[in-house]
Each structure stands twice: as structure tokens, then as C-alpha cells.
Amino acid sequence: MPTHDVLVIGAGLAGQRAALAAAEEGVSVGILSKVHPVRSHSNAAQGGINAALQEDDTWESHAFDTIKGSDYLADQDAVEVMCREAPEELLYLEHLGVTFHRNEEGKMGTRAFGGASAARTYYVADITGQAIMHVLYEQLMKASGEVARYEEYFCTALALDDAGRCVGAVSRNVRDGSMELFKAKAVILATGGNGQVWKPSTNALICTGDGIAMAYRAGAKLMDMEMIQYHPTTLAKKGFLITEGARGEGAHLLNAKGERFMEKYAPNKMELASRDVVSRAEQTEIDEGRGFPDGTIALDITVVPKKRILEALREIVLVGRDFAGVDITKEPIHIKPGNHYTMGGVKTDFDGRTDVEGLYAAGEVACVSVHGGNRLGANSLLDTLIFGRRSGVHAADYVKGREEPVVSQTLLDDEEAKIAEIVGRERGKGRRVSEIRDELGAVMDKHVAVFRDAEGLQTALETVRRLREEASSCYIDDDGHIFNQDVIGAVELDFMLDNALATCVAAIERTESRGAQYRTDFPDRNDDEWLKHIDLTVNGGDPTVSYSEVKITDWQPMERTY
Amino acid sequence: MAKFSLKVRRFKPEPGEGPYWENFDVDLDPDLSVLDGLLQVRDQQDGSLSVRCSCKAAICGSCGVKINGQSTLACKTRLSEAKEWANRSNGNSEPITIEPMGNMPVIKDLVTDMESTHWQKIRRVTPWLLPKGDPPEREYIVPPESMIDVTQTMACVQCGACVSACLSMEADPDFVGPAALAKAYRFVGDPRDGERKERLHDLAQDPHGIYNCTHCFACVEACPKGVAPMDQIMRLRRIAGHDEDIDDVNNGRRHELAFVNIIEQKGTLDEALLLQESFAPGIKGKLKPPRGAIKALFDNIPTALRAIRSGKARSAEKLVPGIHPKLPGDAQKHVKRIYAHAEEHRIELNLYIKGEEFGGGDDNEAEELAENELQGKEGAPA
Amino acid sequence: MSPAKNLKFAYWPGCVSRGFTTELHGSMALVAEKLEIELVELDRANCCGAGVIAEHNQELADTLNARTFALAQQTGLPMMNICSTCQGAQSECRQRLDADKAYREHVNGALAEEGLSYDPEGFSNKNFLWVLVEDYGLQKLKNRVVRPLEGLRVGPFYGCYVLRPRHRLGYDQHPERDLYLEKVIEALGGTVVEYDGARKCCGFPVITMSREVSLRQAGTHLGDAMDAGADCLVTPCPLCHLNLDMQQPEAAKVTGKDLDLAVLHLPQLVGLALGIDPKELGLGKHVASTKWVIDRLEPVSA
């Protein structure tokens, strides 16, 4: 049985940062990921990472922007921690070798980003997430003696001891199909978001909300699950992300009449208003008939000097060329709002602790909450790193002097039986995994998107309930052990359905409009009743709803304009 | 929507049968990718078809395969494009062939064992920054272009397409290879690294290192991210040979110098002299030949004799090293002058920084950029 | 170029065609005469550097090739080469020279004393293979064939430098440049042999540094072509020729295969079909015997 003091599940930025931080504290660490670490979705963060490191900038300014961006749903104590620690974290990355863009003086230079009152986004061309993650992986390779890597291991469940503490996980070695119980004194979940619940999504195929579902099943509270970000600029047909950096560099949004319509919605910040605001503006233009016939808006990057595009938006040039057949230096590219980010997740404090002892969560899987109703661009990388590190440090501290946990073999037997049951289902009886997944994605994108109302949400909820039924008998084709991605797909579908259920319930519950949750039937923010988080706890069928307060420190809620 | 026929190389390890081809028909928008085609097969026809994939946007590097024999990412290759390529020379009926990557063992279907090949080679080059001394209080101050320069290799997504395509590795599985050597340049080119010379020494002396690249451009062609691994290998050679003056046991440095000197003296190549000078340069080399030189010279004797016998090297200037004629008139003088000029400046134009690939580089744009920066795009509050 | 006029080129033969493979230089002259292609030899021009000089000093390689281009431009003619390696090395330098005006001016500064200057405007540099297909024309070539290579099974061997990277070698405009050898073989009446190595590397660039790896590459491709039933290979690259022909017995030792396969230079194969005497084409100057090839062809009817 692989045994470590700290087991990290997921190896994107949050997971790798947590593992490195824990290892630095001198405890034994295992990091496990269903894909090779460098395949993780942190790669996709293009634009950059925020930190108030310029001389004329302050962490308070960064914090205020973040809180305002969150539509005052973020916990301000957590935001303070993140923004205060950002500069140090950024320098840590630079010293490890991240190739941050330099200005003429050879110092790190910044770009502007949405919802920010200063240009405080540091970047590596438009591959910032990739550059940081590959550098962290370099450090993981360097730390091979201290951190054991389990690459291509898929977790199916968390292990709890009799006292309800998290003491490990069950995992399937993707390569040979063997199931193993991993024992640990503390487990850090860093499994990312759940974008695949929506179709289309900017998220990778691996973003199936595994950690959110596993923690929920283990009894941890989920929070802010209704807050799903639709990114303003995703490629119409395929859902690919066009970085906010494009607008940061000066690109315009135009409707079919050629109007720079953001004038109407955010006269000061224009295209650089917060994402929920820009996405709603676009969707309004499209819904009111001022979009292009294919239901899109034009993003005009040609107003940015070509030289600058080639230097700073190289990846977008490639995406345009390879995936849309558009030379973005010469013509506008058609975009629309698309599913992008899970603001909610497993409820944690700012050391990553969940409601289950021994279980931590960091990154997109977690909800600290620093993003509240709407995440600012270039705050997600920061979130993963700050809270990844804090989880790693805290978990290392927690395990010190703690006795070897006792893990029951029964869980492994149960999980093996569960997999065997799926593999053993009769082909052709019931639905295919892909049919259920596609129906789920479509209903969520239709009813749990930019604009929502009670009727649509109810339809979505009922569909999700039915799909959960159907998923219990859906069949797969692959009956092998080696690289059986089919059976993993079936388990992921179950995870996704738990995520979808939680989001529908929370979205129905919140009868106001705040951040990414815009209810056409309750179009106003209602601080009197709803300046609070919705927490969800597992309870057989639909989750049980409870509430928790939003921590306000220095910034009282105000009207939000850009 | 259009119909596409996919001919997929299958391998199911568990029944223990050898690999086989299987054809699948899919119906998809021609703008969608070959990966979308494979995913449709998996979703609708055969869920047991294995292929690593995640982002579908050429960022995660999972879906390296060979399409119509070319190593690439399945998500980055459009179905229409792949079909056209499959049918370049015969009619319109050929299927798109999809195989696992080369130079790696196959685990199942399109899934290869990258750990024992690609990743082992990556780890071979000490792939982490080894800074000199303690870090500064703030960031390292480095030239802006140096960061753009190494960002070219940071753009590598570790997909293995270059390794799959590498023709040197096909002949020598121990070759460190394009991906790992590009990764090595990422540190050699990084002004923050303190072990540049040691890294270069290591890779120049390794018989499977920088001098084992056969300069075939296969990696440059295969790379979906413009990393141009071979260009990075040539830069490693340039820095190892010229800047660090590393006299390697593989004859790389001596061969390069011999070649360069002959052209300076003669203008065109004197093959006999090249052979001799590569292995035992100058008088000093002949009196005390470097390690391996005598064996290498002997190895080449049969070839030299055959050249004489077949008439290739029958005339005196081809047989005797050094009597090869110079360029006519004053041409040789001008070549020598060019040498002096180029050695004085040694400009290395980096097209990745210039952005040539997209046709950039004219003066107006440079002015535009400067103007833009003056307006405070850079670092100033928005 | 108007079809009525004969083709005329500033001709860069390269080093190896006048060194170890004089039969290439000789056969090119004979073939050009037959095809009425006029060649103005650039006898003052210098080595392309074969990638090795660029590996030493990029600016030096760029300047040396800019000099060759400028010499060609002085003739007012487009340039032609007969070596894949020259084509590739020169195209690489040209890409840099064309990309940046300031850099080009700097390089031209070094050429000024000789009265030379390279101007990218209208400049063209093509391998004979490309000229044959794109400028001369396959139909016209076919019309000139007096001794069709009927029954001769020919394996193409391109050489990396005319294949990759495509974006640098004009494939945007001529996407089928990697199929031209097959087209030429067919136009000459021969049969194309498909085998694995046609577009792979001969191994020559590492012959002095990694001899065994180099010879294994050459030997593998020769063996594959023989297994596929080839009577001979044809290549537009004299450096490939060195490794495939001159080193063939050594490659046989390394691969443990009984190798015996003639390797013809492109002009030699064309010349045979045009009825030129094999001896004049230098077929006797090869290491691997070409007798088998000659015996399979009809004698030229006078």
C-alpha cells in the first residue's frame, strides 16, 4: 500500500505547488494525477497572473478589485491573504525560472486585465499557465527524492477512517488497471473544475469535477456552486478560449452593426469590465438581434499593433489560424460567451481545510472563497498557487507527530466491485455514456448559463435527476484493464452529475442576481437577503442547503459599475 | 458535415494479438479535428479505442500521433486537411491513417509509453534551473529578448511529436533527442542559470548528445508549437563550440572548425582535407592526435581507397589534402574579408523574437510598437 | 517565363559536384545541353556552408550565401542549384536575410567592397528537380525522352534539405515538391518503387561524428529499397550520394546486410532517358555498380 504523510490528488498548479510546499516542510509526499502532470488544465491559463508588485500599486487595490469583481460574495479575509502574498509568490516563481516578460529595463513588465484598476498582470507571452506549470514540474522532477509521482492514476473515492478523518484514497492505475488503496495522514484535493458538465466549454476533457464530487460524497460542504463563469471570448464553434489578454492589449468588441457596444454597458472600463458584465453585454446584443447570424460577436484584435500581437498574443495567432482559419492580425475573430470557470467548489478556509478533518482542497476544486460571484482574469493562477502552497504547508504541519492512520480494506473492495459492475453491464442495454454526457452538457448550457430563470433551472434539475438514474445503468465497450479510458469515462460521468445537481440546486435557491448568477426573474442584487454563501451537503438525493456568512472586512458592498 | 474514413492502427495488449488496422467512418464538420473524429468513434462506435487527449486546443500535448505518417497533434490537424493529405497522389478514396507515435513502445492503440522514452530523456538534461548563488531580493534583471528567446522552448508542450519524427533516434535509440535538447537550451539560454558550461560540456561529450543530431529538420517540421528543436540543437553546438570552446570527443567541434577554415582558405569544400582536419587538425594534431582520431582515420581508409578506385578522387587535388584550388581571381580575398566581418559581429538573428513566421519585421511596425509603448501600454495603470 | 524562350540560369553547382562527385557536374552539363537549358556557372561563388558554418557563426553563413545570391543577381538570371543541401542551407539563410531589412543592410555592407548587394526582390533559387517540374515541365521532358526507362524500378531519395521545413522551402506555393522525384521517374518512363526511406535522412551530416549511426541510416534505406525491389535509387543530393553510394560497403558492414544498389544522381537518370551514353554520364564512377541499371536499358538507337 503506497503510504505518504501527505497525498496530493491532482497535479496542476495547485497540486504541484502544494506538493512542493509540503515536501519543503520535510514530510513525505505523494502526488497523484489522472493524466501526466503537464497535461493538467492549468496549461490553458493564457493571460497572466495578478500581483501588486509595481511600485505604485498596492495589495489593497488588488483586493478591492477582486472583491468588487466578485460582486461582494468573496470572503474578504481570504482575498486579503491572497493579494498580500501575491508579490512574494510571483518572485518565488521568477526565481525558479519562469520566463516572465521583461520591460526595457529587464524587470518584469505587466499588461492590463479586466476589472483591474492597475496593470498588474504578469505574463509569459500568452502561455503563462503553461510556463509556470512546466517550471513547477521541473521542480517536481528535481524533488524526486522527496515527492513520489503517480502519473496516470485515477482516483475513484476518498478513504475515511472510523472517526471520519480523511486518510487516503482509492486509485486505479490507468496503465494497468490495478486498483490500490493509498494511505495518507492528510489528503489535498487539487483536481480542478468541472467545465465538462457544460458543452461547449473552454475546459479540457479532464475537467470533470472529480474532486468536488469525491469531497461532497465524503461529507465535505460545497459552496457557491451556482457561480459558474462564462468567459466573454470563446471561439464560436469549438469553445476555445481567446485570452482576456487580447482585450488587455486593446482589442475591441463589435456587434454586427460595427458598434463598440460596451459603451452602453461599461462606459469607463469598456471591454475591460469584469467578465460577468462583458458576457452579459454580449449575450444581450446577441439575444436582441445585433449579433452575427451565427450568434456571435466580433473581437477585433487588428487595432493592436501587429508587432505586439506577435510578441504577446502568439498563441492566439495560432489558435485563430489553426482552429478558426482567421489571421487575427488582419481580421476580427468571432466569439461568444462560453463556460469557463467554477467559482464554487469544496468549501475551505484560507489554509485549504475543508469540513472533513485531514482533507484539504486548493485551486479550482476549492471555494475559499476569493472569487465569490465572479472571478477576475489572472486571479485563478494566483489562487492555485497561494492556496496550493498554504494547503501544503498546513497539511505538513497537521501530519507532524500524527500516528499512522488506519484504512479499511473494505473501501478498496467496494471500489473494485463498482468498477467491475460497470465493466460487466450488458452492452446495448441502457444508454451510452456519451449520450448522457452530451445531453447533460446541452441542458446545462441552455438553462444554467449567462441568463437564468426558475423555469429553465427547474428543467435542468429534473433532467439531471433523470440522467443520474440513467447513468446507473449506462454501458461501455471496453472490458480490458490496460488503458481502459471507457470505464474511467463512466466514473467521471457520475462525478459530473453530482456537480450538475449541486449547481442546479444552488442556482434555484439563490433568488437574486449577483456575479455570474443572473436571474431574469430576479434581476437585482439583494444584499439584505442574499449577502451569504449557499452551502450544500450530501444527503442521498438532492443536497441539503444551508447558508454561511460572507466575511466582510474593510470593503462594504456598493453598487457595481465599470 | 462530411464523411471521413479513418484507418486506425489498433493494438489490444490483453488478448496478446499483434497490431492491426481498423477502419471507421465518421460524419463531421470538415473544420473539426482528427481528434474530434477519433472521439466520435469512441463515443458512438467503439469506446475501447484508446487515445490520450484533454484540451483539444494544442495546449496540453496529450494527443501526439502520426497522421498519414506525419507526427503531429490529432487536435491540431483538421479532418479536411488530413483527407487532402491522404489523397495527394491517388484519387479521393484513401482513408486518413492514424498511428501511434514512433520511437516509443505502444501501450494500447494510440497510447505510447512516453515515460520510458521521452521523459527519461528529458530528465537526462538536468531539467531545472541551477541559479548561481542566492536569488536577488526582487526579480533577476535580464535582457527582455533573452526571456522571449527561451520562451520559444518554454512553448514546448512535451507532446513527443518531435521525438516520434526524429530520424537520428530511429537509428540510435539512445540519442538524447530533439525535445530534451530543446529543453536543455531552455536553461543554457537562460541568463539566470549558473551551470551553462557544465551543461554544454555534458551534452557535447555524450556520444548521443548534441553532435548526434543528423540535421534532418524532421523535428522542426513535426513540432506543433514552433519550438524548432533542431535550431536549438544548432545553437547548443554554436555555444559549446565557439563560446565555450569545448573540444568534444565526438569530433563535433573539430569537424566544424575544419569545415569553416577550409572555406575561408579555399572558398569551396576540399573533402579530403576536411576528413583529415576533422580527425587530426594541424601539425599539432598529427604529432599528437586527439583521442579516437587514429581509429576514426583508419575507419575512413576503406572509403578513401574506394574513392580513389572508383575515380572519384583520382586527380591529385582530390587525393592529396590541401591542393584543392581556391576561388578564381580576387574572390578568395573577398571571402576572407567576409569572414573577418562576420567574426567581428557574430549577429544571431532570432526569427522567433522577430516574429518572421507571420511575415512581420518591417520598419513601420517597429515604429508602431515604440509608439505604443510610449503611450504607456507597458506597466502603466490602465 | 515565356515558353518560346529557352531556360537560362545562374548556375551554382556546389562543392561536392566538383569534388567527390564530378559525375554529377558532368552529367548536369550534358543534360542541360540536351534540354537546351543554358547554364551560366557562378565560378566565383562559395560554399553554402551546408549548415555547418551556420552552426559556427550564423552571420557568416548568411553573408557567404548573400554573396552567392548577389553574384547570381549580377547575371540578371534566376539561380539554379543541383544539391539538396545547398538548397536547404541557402533557403535557411535567405529566410533570415529576407525577414529583416536592417540585418540585410548590415550583411550587404560586407559585400559592398566586391561591388555586390543582395536584394530579395524577384530573387529565385531552385534545385534542378524543381526547375525540371515547375519551369521546364514534365510534358516537355516526356517529349524529349528517347530511351524510356521502361521496366526500370527506381526508388526516389530526396534528401532532407529539399523536404523540410516546408514553410521555408516554398511549399506554400508548390505543395507537391515532395512528390516531384516520383513524377520525374514516371515522366522518364520508369517505375517508382515505394519504400520507407525515400524522405528520410541518409545520415551524412553525422558521418564524422557518429559514424555508426550515420551508416545505419544509409544502410537501412538501401536495404529497404532493395527489399522493395528497386533496381536503383535516384537523388538530387550529392551528399546523400556520398553516404548511399561511396559508403555503401561500410553501411553494409554496420547493418549486416548484403547491399548492392546503384545510386544515380538526378541528372544521370534524366540523361539516360535522353539517350546520353552511360559512360559519358559518369556511371562508371560510382562505388556501387551501375551495370545492372545499364544492362536493363535498351541501347540507344542511333
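Counting restarts for each chain: residues are numbered from 1 in the order of the written sequence. Chain A is the first chain written and ligand 1 is the first ligand written, with later ones labelled in order. Reporting in this predicted model follows two pLDDT cut-offs: at least 70 for local features of residues, and 80 or more for side-chain atom pairs to be given and counted; totals over whole chains, interfaces and linings ignore these cut-offs and use all residues. Side-chain figures throughout are based on the complete set of non-hydrogen atoms in the structure, without hydrogens or water.

Observations concerning the overall build of chain B
Formally: Where helices and strands are cited, they refer to DSSP runs of H or I of at least four residues and of E of at least two residues respectively, numbered from the N terminus. For every residue, the accessible area obtained with a 1.4 Å probe (protein chains only) is divided by the maximum for its type, and the residue is called buried under 20%, exposed over 50%, and partly exposed between those limits. Here, two residues are considered to be in contact whenever any of their heavy atoms come within 4.5 Å of each other. Areas reported as accessible are Shrake-Rupley estimates using a 1.4 Å probe. Residue values count occlusion only from the protein chains shown.
For chain B, the helix and strand inventory stands at 18 helices and 7 strands. Here chain B, with 382 residues, has 59% of them falling under the buried criterion. Residue pairs at least 24 apart in sequence account for 64% of intrachain contacts in chain B once pairs closer than 6 positions are excluded. Of the roughly 15,000 Å² of accessible surface on chain B, a fraction of 53% belongs to carbon and sulfur atoms.

Section: the nonpolar core
Note the threshold: Residues belong to one nonpolar core when they are buried, are Ala, Val, Leu, Ile, Met, Phe, Trp, Tyr or Cys, and are joined through side-chain atoms within 4.5 Å. An automatic or database domain assignment provides the domain bounds reported here.
Judged by nonpolar contacts, the single largest core of 192 residues is most densely connected at Ile49(A), Phe100(A), Ile132(A) and Ile301(A). If one sorts the elements of this core by residue count, helix H3 (residues 76-96) of chain A sits on top with 10 residues. A domain-level breakdown of this core finds at least three residues from each of domain 1 (2-112) and domain 2 (148-243) of chain B. Aside from chain neighbours lying at most four places away, what touches Phe100(A) is Ile49(A), Leu90(A), Leu93(A), Glu94(A), Met108(A), Tyr122(A), Tyr123(A), Val124(A), Ile132(A) and Met147(B).

Quick look at the interface of chain B and chain A
Selection criterion: When two parts are brought into contact, each loses some accessible area as probed by a 1.4 Å sphere; the total of that loss over both is the buried area. The salt bridge definition used is simple: a Lys or Arg side-chain nitrogen within 4 Å of an Asp or Glu carboxyl oxygen. A 3.5 Å cut-off defines polar contacts: any pair of N or O atoms within that distance qualifies, except that in protein one atom must be a possible hydrogen donor and the other a possible acceptor, and neighbouring residues in sequence count only when both atoms are side-chain atoms. Residue type decides the class: Asp, Glu, Lys and Arg count as charged, Ala, Val, Leu, Ile, Met, Phe, Trp, Tyr, Cys and Pro as nonpolar, and the leftover types, Gly among them, as polar.
Chain B puts 85 residues into the contact, and the matching count from chain A is 80 residues. The contact between chain B and chain A buries some 7,000 Å² in all, and 53% of this surface belongs to carbon and sulfur atoms. Put simply, chain B and chain A have 9 salt bridges between them. For Glu138(A), the salt bridge identified is with Arg186(B), shortest N-O distance 3.2 Å. Linking chain B with chain A are 42 residue pairs in polar contact (both at pLDDT 80 or more). The set of elements that each furnish at least two residues to the side of chain B that touches chain A consists of helix H1 (34-44), strand S6 (106-108), helix H3 (115-124), helix H4 (144-154), helix H7 (178-188), helix H17 (351-354) and helix H18 (363-374) of chain B. Looking at the side of chain B that touches chain A, its residues break down into 41 nonpolar, 16 polar and 28 charged.

Some remarks on the environment of Leu136(A)
Residues and elements named next belong to chain A. Locating Leu-136 in the fold gives a position in helix H4 (residues 128-142). Relative accessible area serves as the criterion here: at 0%, Leu-136 is assigned to the buried category. Between the C-alpha atom of Leu-136 and that of Leu-13, which follows or precedes it by 123 residues, the distance is 7.6 Å. Contacts of Leu-136, omitting those with residues within four sequence positions, involve Leu-13, Gln-16, Arg-17, Leu-20, Leu-93, Leu-96 and Leu-385.

Section: empty space enclosed by the protein
All names here are of chain A. The criterion, for reference: Put simply, the grid is 1 Å and covers the protein atoms alone, a cavity is a trapped set of points that fit a 1.4 Å probe, a pocket is an open set with protein on both sides within 12 Å along at least five of seven lines, and lining residues have an atom within 4 Å of a point. Grid points are joined across faces, edges and corners, and a volume is the space filled by probe spheres set on the points.
This model, assessed by the stated rule, comprises 12 cavities of 30 Å³ or more. Its volume calculated, the largest cavity comes out at about 670 Å³. His-41, Ser-42, Gly-192, Gly-193 and Glu-364 are, among the 48 residues lining the largest cavity, the residues nearest its centre. The set of elements that each furnish at least two residues to the lining of the largest cavity consists of helix H1 (13-24), strand S2 (29-33), strand S7 (153-160), helix H5 (210-217), strand S14 (333-342) and helix H11 (380-399). Among the elements that take part in the lining of the largest cavity, H11 stands out by supplying 4 residues, more than any other.

Things to note about the pattern of salt bridges
All names here are of chain A. Under the criterion given, the structure shown has 112 salt bridges over all chains. Across the pair Arg-560 and Asp-276 runs a salt bridge, and its minimum N-O distance is 2.8 Å. You can see Arg-560 sitting in the segment after strand S19 (544-549) and its partner Asp-276 sitting in helix H8 (residues 275-287), a full 284 residues away along the chain. Side by side, Arg-560 and Asp-276 carry an identical accessibility label, which is buried. Linked by salt bridges that have partners in common, Asp-71, Glu-226, Asp-276, Arg-280, Arg-510, Glu-512, Arg-514, Arg-525, Asp-527 and Arg-560 make up one network.

Considering the sheet that holds S19(A)
Residues and elements named next belong to chain A. In plain terms, the rule: Pairs of strands are assigned from DSSP output, requiring at least two bridges between the strands. Note on method: axes are straight lines fitted to C-alpha atoms, helices fitted across the in-contact stretch only, with angles between N-to-C directions ranging 0 to 180 degrees.
Strands sit in the order S17-S15-S10-S18-S19 across an open sheet of 5 strands; the sheet is mixed. The strands lining the two open edges of the sheet, one partner per strand, are strand S17 (366-367) and S19. As paired elements, strand S10 (residues 222-223) and strand S18 (residues 532-537) share 2 bridges and run antiparallel to each other. Paired with Leu-222 across the two strands is Leu-536, which belongs to S18. Sheet contacts for H5: S10, strand S15 (345-347) and S18; angle to S15, the most-contacted strand, approximately 40°.

Examining unusual backbone geometry
Going from Lys199(A) to Pro200(A), the amide bond is cis rather than trans, its omega being 5°. Tracing the chain through its elements places Pro200(A) in the loop between strand S9 (179-189) and H5. Residue Ser369(A) is bonded to the preceding Val368(A) through a cis peptide linkage, with omega at 0°. Looking at the element boundaries, Ser369(A) is found in the loop between S17 and H11. The residue Tyr72(A) is not glycine, and still its phi comes out positive at about 65°. Tracing the chain through its elements places Tyr72(A) in the loop between helix H2 (59-69) and H3. One non-glycine residue with positive phi stands out, namely His215(B), at about 65°. With respect to the secondary-structure elements, His215(B) resides in the loop between helix H8 (196-205) and helix H9 (218-222). Since its relative accessible area comes to 5%, His215(B) is described here as buried.

Thoughts on the pairing of S14(A)
Residue and element names in this part refer to chain A. Judged by how many residues are buried, S14 sits mostly within the fold: 8 of 10 residues are covered. Inspection of the sheet shows strand S11 (residues 228-235) paired to S14 by 6 bridges, in the antiparallel sense. From the neighbouring strand, Thr-234 faces S14, where its bridge partner is Lys-336. Both strand S13 (residues 297-300) and S14 contribute to a ladder of 3 bridges, which runs antiparallel.

Brief notes about the confidence of the model for chain B
Operational definition: Note: pLDDT gives the predictor's confidence per residue, expressed from 0 to 100.
Residues with a pLDDT of 70 or more make up 85% of chain B, whose mean pLDDT is 88. Segment residues 356-382 of chain B is flagged for pLDDT under 50; beyond a separation of four residues in sequence, or across chains, it makes 50 contacts in the model.

Some words on the interface of chain B and chain C
Listed by partner, the interface residues are 74 residues for chain B and 74 residues for chain C. Carbon and sulfur atoms make up 59% of the surface buried where chain B meets chain C, a total of about 6,600 Å² over both sides. The partner of Glu170(B) in a salt bridge is Lys200(C), and the shortest N-O contact between them spans 2.8 Å. Where chain B packs against chain C, one counts 22 residue pairs in polar contact (both at pLDDT 80 or more). Of all the secondary structure elements, the ones that give two or more residues to the side of chain B that touches chain C are helix H6 (167-171), H9, helix H10 (229-243), helix H11 (252-266), helix H12 (271-279), helix H14 (293-309), helix H16 (331-345) and H17 of chain B.

A few points about the side chain of Asn108(C)
Take Asn108(C): it is sitting in helix H5 (residues 101-111). Beyond its immediate chain neighbours, meaning those up to four positions away, Asn108(C) contacts Leu116(C), Ser117(C) and Tyr118(C).

Overview of the packing of aromatic side chains
For clarity, the cut-off: Here is the rule: rings of Phe, Tyr and Trp (six-membered ring for Trp) pair when centre to centre is within 6.5 Å. Planes less than 30 degrees apart are stacked, more than 60 are edge-to-face, and the remainder are tilted. In this scheme, Lys NZ or Arg CZ marks a charge over a ring once it lies within 6 Å of the ring centre and within 35 degrees of the ring normal.
Counted according to the given criterion, the structure contains 14 aromatic pairs over all chains. Look at Trp530(A) and Tyr547(A): their rings are 5.9 Å apart centre to centre, the planes differ by 70°, and that puts the pair in the edge-to-face class. With a gap of 17 residues between them, Trp530(A) in helix H16 (residues 527-530) and Tyr547(A) in strand S19 connect regions that are remote in the sequence. Classification of Trp530(A) as buried rests on a relative accessible area of 5%. Using a relative accessible area of 39% as the deciding quantity, one classes Tyr547(A) as partly exposed. One Lys or Arg, Arg375(A), reaches over the ring of Tyr341(A) and ends 4.0 Å from the middle of that ring. Note that Lys7(B) overlies the ring of Trp21(B), its terminal NZ or CZ placed 4.7 Å from the centroid.

Things to note about the packing of H11(B) against H12(B)
Residue and element names in this part refer to chain B. Worth spelling out the cut-off: What sets the label is the angle itself: under 35 degrees gives roughly parallel, over 145 gives roughly antiparallel, 65 to 115 gives roughly perpendicular, and the rest give oblique. Handedness of a crossing is defined here by the sense of rotation of the near helix relative to the far one, left-handed for an anticlockwise turn of less than a right angle and right-handed for a clockwise turn.
Where H11 contacts H12, the axes come no closer than 8 Å and their chain directions differ by 140°. By the angle class used here, H11 and H12 are oblique. Handedness of the crossing formed by H11 with H12: right-handed. Here Arg-254, His-255, Ala-258, Phe-259 and Ile-262 of H11 lie close against H12, whose contacting residues are Leu-273, Leu-274, Glu-277, Ser-278 and Phe-279. Grouping the constituent residues of the contact of H11 with H12 by class yields 6 nonpolar, 2 polar and 2 charged.

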